[in-house]
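Overview (structure and organization)
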Amino acid sequence: MTVSVLFVCLGNICRSPTAEVVFRQRVQAAGLEDRIRIDSAGTGDWHIGKAPDPRTRSAAQRRGYQMDSLRARQVSARDFDDFDVVLAMDDANLADLQAMRPAQFGGVLGRFLDYARHASVREVPDPYYGGEDGFDRVLDLIEDGAEGLLDSLRERL
Ligand code: 4NP
């Protein structure tokens, strides 16, 4: 049994690529990389083909995550055929995904931070127009969500 997970934010240059690399690191550490497929995408089209935001990359690098090779792409209805679990970073992303969700989708569409065990919030705040500390906050929330998500998926594998 394998499971595929897609992380979705607005631009696919800050939050969802961070979730992709953090979750991949946890999955690899657990030896589950052959069982869990991971990708990320954005609901918007402004940054298609771009590398993650430099502020996101340097915050990630300070914690040992490498994301230079990622490139932004836009989510599409086809992603609901290709992924079992589609997780939104905030409620606006979730509403956009619910609007494009095909009727026959039998997987999970939800909020990523619903898997977090410590965070007191349920949305990963958009760091794009904020200060530098926003990027560390994104990482804190995503590490929390990634650990809870991995434990939840272990039960399905
Ligand atoms: P992300 O952050 O959704 O976490 O990738 C953003 C990136 C770009 C923009 C907004 C949010 N933007 O407006 O261009």
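This text follows the structure it describes.
Residues numbered from 1 in each chain as written. Predicted model: local features only at pLDDT ≥ 70, side-chain atom pairs only at ≥ 80, totals over all residues. Heavy atoms only, no water.

**Description of the packing of helix H2 (residues 54–62) against helix H5 (residues 133–154)**
To keep things clear, this is the line we draw: What counts as an axis is a line fitted to C-alpha atoms, over the stretch in contact for a helix, and the angles between N-to-C directions run from 0 to 180 degrees. The helix count covers DSSP runs of H or I at least four residues long, the strand count covers runs of E at least two residues long, and both are numbered beginning at the N terminus. By definition in this entry, angles of less than 35 degrees are roughly parallel, angles greater than 145 are roughly antiparallel, angles of 65 to 115 are roughly perpendicular, and the rest are oblique. In this scheme, a crossing is called left-handed if the near helix is turned counterclockwise away from the far one by less than a right angle; it is called right-handed if the turn is clockwise. Contact criterion: two residues are considered in contact whenever any of their non-hydrogen atoms come within 4.5 Å of each other. Residue type decides the class: Asp, Glu, Lys and Arg count as charged, Ala, Val, Leu, Ile, Met, Phe, Trp, Tyr, Cys and Pro as nonpolar, and the leftover types, Gly among them, as polar.
Two elements in contact, H2 and H5, have axes whose closest approach is 9 Å; the angle formed by their N-to-C orientations is 55 degrees. The angle between the axes of H2 and H5 places the two elements in the oblique class. In the packing of H2 onto H5, the handedness of the crossing is right-handed. Contacts between H2 and H5 pair Arg55, Thr56, Ala59, Ala60 and Arg62 from the former with Phe135, Asp136 and Leu139 from the latter. Broken down by class, the residue content of the contact of H2 with H5 amounts to 4 nonpolar, 1 polar and 3 charged.

**Some details on the pairing of strand S3 (residues 85–88)**
Which entries qualify depends on this criterion: Relative accessibility under 20% of the residue-type maximum defines a buried residue, over 50% an exposed one, and the middle range a partly exposed one, all with a 1.4 Å probe and only protein chains included. Pairing between strands is defined by DSSP: at least two bridges between the two strands are required. We call a crossover right-handed when, viewed with both strands directed away from the observer, the connection leading from the first strand over the helix to the second proceeds clockwise.
Neither face of S3 is open: one carries Val85 and Leu87, the other Val86 and Ala88, and all of them are buried. Here 4 bridges tie strand S1 (residues 3–9) to S3, and the two strands are oriented parallel to one another. Looking at the pairing, Val5 lines up with Val85 of S3. In this fold, the crossover linking S3 to strand S4 (residues 108–111) by way of helix H4 (residues 91–100) has right-handed handedness.

**Examining the pattern of salt bridges**
Applied cut-off: Any Lys or Arg side-chain nitrogen found within 4 Å of a carboxyl oxygen on Asp or Glu counts as a salt bridge.
Per the stated rule, a full pass over the model turns up 17 salt bridges. Among the ionic pairs, Asp39 bridges to Arg73, the shortest N-O distance being 3.0 Å. Placement of the pair is Asp39 in strand S2 (residues 36–42) and Arg73 in the loop between H2 and helix H3 (79–82), with a sequence separation of 34 residues. Look at Asp39 and you get partly exposed, because its relative accessible area is 22%. Owing to a relative accessible area of 24%, Arg73 belongs among the partly exposed residues under this scheme. Between Arg57 and Asp68 there is a salt bridge whose closest N-O contact spans 4.0 Å. Residue Arg57 is located in helix H2, and its partner Asp68 is located in the loop between H2 and H3; the two are separated by 11 residues in the primary sequence. The class for Arg57 is partly exposed, based on a relative accessible area of 24%. Linked through salt bridges whose partners overlap, the residues forming this network are Arg62, Arg63, Asp136, Asp140 and Glu143.

**A word on the layout of surface pockets**
What counts, and what does not: Site definitions follow a grid-based scheme: protein atoms alone, a 1 Å grid, a 1.4 Å probe that fits but cannot get out for cavities, and for pockets an open set with protein on both sides within 12 Å along at least five of seven lines, plus lining residues having an atom within 4 Å of a point. Grid points are joined across faces, edges and corners, and a volume is the space filled by probe spheres set on the points.
Looking at the largest pocket, its volume works out to about 160 Å³. If you go around the largest pocket, you meet 13 residues; those closest to its centre are Leu10, Gly11, His47, Asp126 and Tyr128. For the lining of the largest pocket, the per-class residue count stands at 8 nonpolar, 3 polar and 2 charged.

**A short note on the sheet that holds S1**
Across the sheet, 4 strands lie side by side as S2-S1-S3-S4; this open sheet has parallel pairing. Here the strands that pair on one side only, and so sit at the sheet edges, are S2 and S4. The mean inter-strand angle of the sheet, taken between neighbouring strand axes irrespective of direction, is 20 degrees. Across the sheet, H4 is in contact with S1, S3 and S4; its angle to S4 comes to roughly 160 degrees. With respect to the sheet, H5 is in contact with S1, S2 and S3, its orientation differing from that of S1 by roughly 155 degrees.

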